[in-house]
Amino acid sequence: MPLRTLRFPALAAVMALTACDRDQVYDQGTFSDNVYLAYQECREGEIRMLTSKHNIQTAFEPCGSNNFVSFAWAPDGVNLYFQLPLSAHIMNGETKEVVALPTEVPVAPVAWLSPELLVLPLGPATGGTDPRLVLFDRVQANMNTVTLKGVTDLADVHSDGARNTVLYTGTKDGKRGVFRASFDTNESERVFEWLGQDVENFTYSAQLQLIGVKSGEQVLVYQTDGSMLYRFEDATTIHFHPGGRYFALESLGEPISPFDQRTWNEVSEQAREREERRMEEWLEKQPEWVDKEVAPPVMDIFDVALDKRFRLGFVYGDRFQWYPAQDFYASFVLWGMEGKELNRNVALTQLHERVRMAANGELTLGVTERPFTPMEPTAPQVDGALKAPETPAQPPSAPTEGASTPTP
């Protein structure tokens, strides 16, 4: 049966069965985080109402102890890798089977190379000093390991489009950069050296031949020949839609109070103002160690064709991924909705209508336009010398009106 009529319902049902027990303790937050959480009441009905209102599907039970470190969908959209602080698992949404990975817990997010192959970034083996990349075949249940000699700070593992190589970032000989590891030769080499050492995080699209890096308080987008195409202020990470028309940006939003949060329609404007005044008076009496504000994770969608950036203000979330099995679907770790922090979950939502309407100047509930200043593409560097820039790739056409957009 097609994905929209079988896999989404089956996946939701299975995940609900495998949701974490609230009695299990996986919390690694700060003391003040734990204070806030201790006084938060998870209301399942409220979460279901908000997710339904905004057409968001959650993968796990609303009030489970879903303290996710990372997650990653396989290219077929059926198998889901998910990691908790003390364990890592793969779940099959069709067979309802959940298996624990037969390795140590990865030290960074994983990368799928195919529906069968998963690359796991691991720390040093017992008695060793070098981290490892493990190519795990979940069907054959075998592993191929590359030891990254002399590398520290292993992170940012990405498929480079092949089944036997992978990209990652690390520090070697005192220089941070991007490397390609081969599971055939068990070696790795530096690539994209023109990026320099200012690579705080790295994203890559083999299909589009685009690179995204965080450097300081901005995210830069390059073609693989070194031409800089975009500079995004107030961003920490970028994710390229396979069609090239849209980029997803992550950042931190405007600080909010972690106490007594209310959703948009929960109280009237007058009542909200009275509550805010009482909250300010109460906060003034609290000790210095109490964090009086928290910056929630927010997500923006940049439209390449229009040079416009739109914030998805109805939801807070991070660890964004474009869901690979259905176009214009997005998945992320849910942090909250409508200005209110909620219990964590893996969320899935369809963005087609929101971005289509935004392109036509119609902003849906909670979507706002953000400032963006276009820049001219720069000449790439080759061995320290400049060459004439290639003709920038033209953005793909806008989604067709009335295009098929299946719902879960």
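Up top is the structure.
My aim in this report is to walk through the structure given alongside it, one point at a time. Predicted model, so just to flag it, every value in this text is computed and none were measured.

## Remarks on the packing of aromatic side chains
Okay, so step 1: Within the structure shown, the criterion is met by 22 aromatic pairs.
Okay, so step 2: Ring centres 5.0 Å apart and planes at 85° place the aromatic pair W73 and Y323 in the edge-to-face group. Of this pair, W73 sits in strand 2 (residues 70-73) while Y323 sits in the loop between strand 22 (315-322) and strand 23 (329-337), placing them 250 residues apart in sequence.
Okay, so step 3: Here W73 falls in the buried class, since its relative accessible area comes to 7%.
Okay, so step 4: Given the relative accessible area of 4%, Y323 is considered buried.
Okay, so step 5: Consider the rings of F232 and F302, whose centres lie 4.9 Å apart with planes at 75°: the pair is edge-to-face. One end of the pair, F232, is in strand 17 (residues 228-233); the other, F302, is in strand 20 (residues 297-303), and 70 residues separate them in sequence.
Okay, so step 6: When its relative accessible area of 0% is taken as the criterion, F232 is described as buried.

## Examining the nonpolar core
Okay, so step 1: Ranked by size, the top nonpolar core spans 24 residues in total, and within it I301, L312, V315, F320, W322, M337 and L351 carry the most contacts.
Okay, so step 2: The contacts of I301, once residues within four sequence positions are left out, are Y246, F247, A248, K308, R309, F310, L312, F320, W322, L351 and V355.
Okay, so step 3: Judged by nonpolar contacts, the second largest core, of 16 residues, contains A111, L135, F179 and F183.

## A closer look at the pairing of strand 11 (residues 165-172)
Two faces belong to every sheet, and in a regular strand the side chains alternate between them.
Okay, so step 1: Most of strand 11 is tucked away, with 7 of its 8 residues classed as buried.
Okay, so step 2: The pairing of strand 10 (residues 151-159) with strand 11 spans 5 bridges and is classified as antiparallel. For T152, the partnering residue across the bridge sits in strand 11 and is T171.
Okay, so step 3: Adjacent in sequence and paired antiparallel, strand 10 and strand 11 are bridged by 5 residues, among which G161 carries a positive phi angle near 95°.
Okay, so step 4: Inspection of the sheet shows strand 11 paired to strand 12 (residues 175-182) by 8 bridges, in the antiparallel sense. Its bridge partner lying in strand 12, T169 is registered against V178.
Okay, so step 5: Two successive antiparallel strands, strand 11 and strand 12, enclose a turn made up of 2 residues, where D173 displays a positive phi of approximately 55°.

About the criteria used
Residues numbered from 1 in each chain as written. Predicted model: local features only at pLDDT ≥ 70, side-chain atom pairs only at ≥ 80, totals over all residues. Heavy atoms only, no water. Phe/Tyr/Trp six-rings, centres within 6.5 Å; stacked < 30°, edge-to-face > 60°. Helix = DSSP H or I, 4+ residues; strand = E, 2+ residues; numbered from the N terminus. Buried < 20%, exposed > 50% of the residue type's maximum accessible area, 1.4 Å probe, protein only. Core = buried A, V, L, I, M, F, W, Y, C linked by side-chain atoms within 4.5 Å. Contact = heavy atoms within 4.5 Å. Pairing = 2+ DSSP bridges.

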